[in-house]
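Each chain is listed here by its residues.
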Amino acid sequence: MTLSQMKENQAGKITHIQNDTVLLRRLFDMGFVEGQDITCMNVGMFGTPIAFNVRGTKVALRKKDADLIGVIL
């Protein structure tokens, strides 16, 4: 499952991030690392952006970027 498939108020743990993304370093800096707990806070009206709570911070990602991050509930 990916972050973009999470529903509002679902919690999970990040399992992997695709290495071929240009955003990899930026995602790491924002706290998106393997093993980190994450909660889906809000989903935009058309499915993007999606807001997540990671490490006590609310971060919004585009759906195409959230598709790159695997999660287990």
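Each remark here, short or long, concerns the structure printed above.
The numbering scheme is per chain: residues are counted from 1 as the chain's sequence reads. At least 70 in pLDDT is required for a residue's local features to be given in this predicted model, at least 80 for side-chain atom pairs to be given and counted, and no such filter applies to totals for whole chains, interfaces and linings, which use all residues. No hydrogens and no water enter the side-chain calculation; it runs on all heavy atoms of the structure.

K.L.:
Would you take a moment to explain the nonpolar core for this structure?
P.N.:
Of all hydrophobic cores here, the largest spans 17 residues; its most connected members are Leu3, Ile17, Phe32, Ile38, Phe52, Leu61 and Ile69. For helices the rule is a DSSP run of H or I covering at least 4 residues; for strands it is a run of E covering at least 2, with both sets numbered from the N terminus onward. If you tally residues by element for this core, the top one is strand 3 (residues 50-54), at three residues. When sequence neighbours within four positions are dropped, the list of residues in contact with Ile17 reads Leu24, Leu27, Phe28, Phe32, Val33, Glu34, Leu68 and Ile69. We define a nonpolar core as any set of buried Ala, Val, Leu, Ile, Met, Phe, Trp, Tyr and Cys residues linked to one another through side-chain atoms lying within 4.5 Å. Between buried and exposed lies partly exposed: a residue is buried under 20% and exposed over 50% of the maximum accessible area for its type, with that area taken using a 1.4 Å probe on protein chains only. In what follows, a contact means two residues having at least one pair of non-hydrogen atoms within 4.5 Å.

K.L.:
I tried to follow the sheet that holds strand 1 (residues 11-17) on my own but got confused; where do I start?
P.N.:
Backbone-to-backbone hydrogen bonds join strands into a sheet, with any given pair of strands oriented parallel or antiparallel. Pairs of strands are assigned from DSSP output, requiring at least two bridges between the strands. With antiparallel pairing, five strands are arranged side by side in an open sheet as 4-3-2-1-5. The open sheet terminates on both sides in strands that have one partner only, identified here as strand 4 (57-61) and strand 5 (69-72). Neighbour to neighbour, the strand axes of the sheet diverge by 45° on average, direction disregarded. As judged from the three bridges shared by strand 1 and strand 2 (residues 37-43), these two strands associate in the antiparallel manner. Looking across to strand 2, one finds that Ala11 is bridged to Thr39. Lines fitted to the C-alpha atoms define the axes, with helices restricted to the stretch that makes contact. Angles between their N-to-C directions range from 0 to 180 degrees.

K.L.:
Please clarify how the pattern of salt bridges should be interpreted in this entry.
P.N.:
For side chains of opposite charge, pairing can occur when their charged atoms come near one another. A pair is scored as a salt bridge if a Lys or Arg side-chain nitrogen falls within 4 Å of a carboxyl oxygen belonging to Asp or Glu. Following the criterion strictly, the structure yields four salt bridges and no others. Residue Arg25 pairs with Asp29 through a salt bridge whose shortest N-O separation is 3.5 Å. Of this pair, Arg25 and Asp29 both sit in helix 1 (residues 24-29), separated by four residues, roughly a single helical turn. By relative accessible area, Asp29 is classed as exposed at 54%.

K.L.:
Before we go on, may I ask you to explain the pairing of strand 3 in this structure?
P.N.:
Here is the key point about a regular strand: its side chains alternate between the two faces of the sheet. Among the five residues that make up strand 3, four are buried, leaving the element largely enclosed by the rest of the structure. As defined by bridge partners, strand 2 adjoins strand 3 across five bridges and the pair is classed as antiparallel. In the sheet register, Thr39 faces strand 3, and the bridge partner there is Asn53. Connecting strand 2 to the next strand, strand 3, in antiparallel fashion are six residues, including Gly47 with a positive phi near 90°. Pairing of strand 3 with strand 4, which is carried by five bridges, proceeds in the antiparallel orientation. Paired with Val54 across the strands is Thr57, a residue of strand 4.

None of this, on its own, says anything about what the molecule does.
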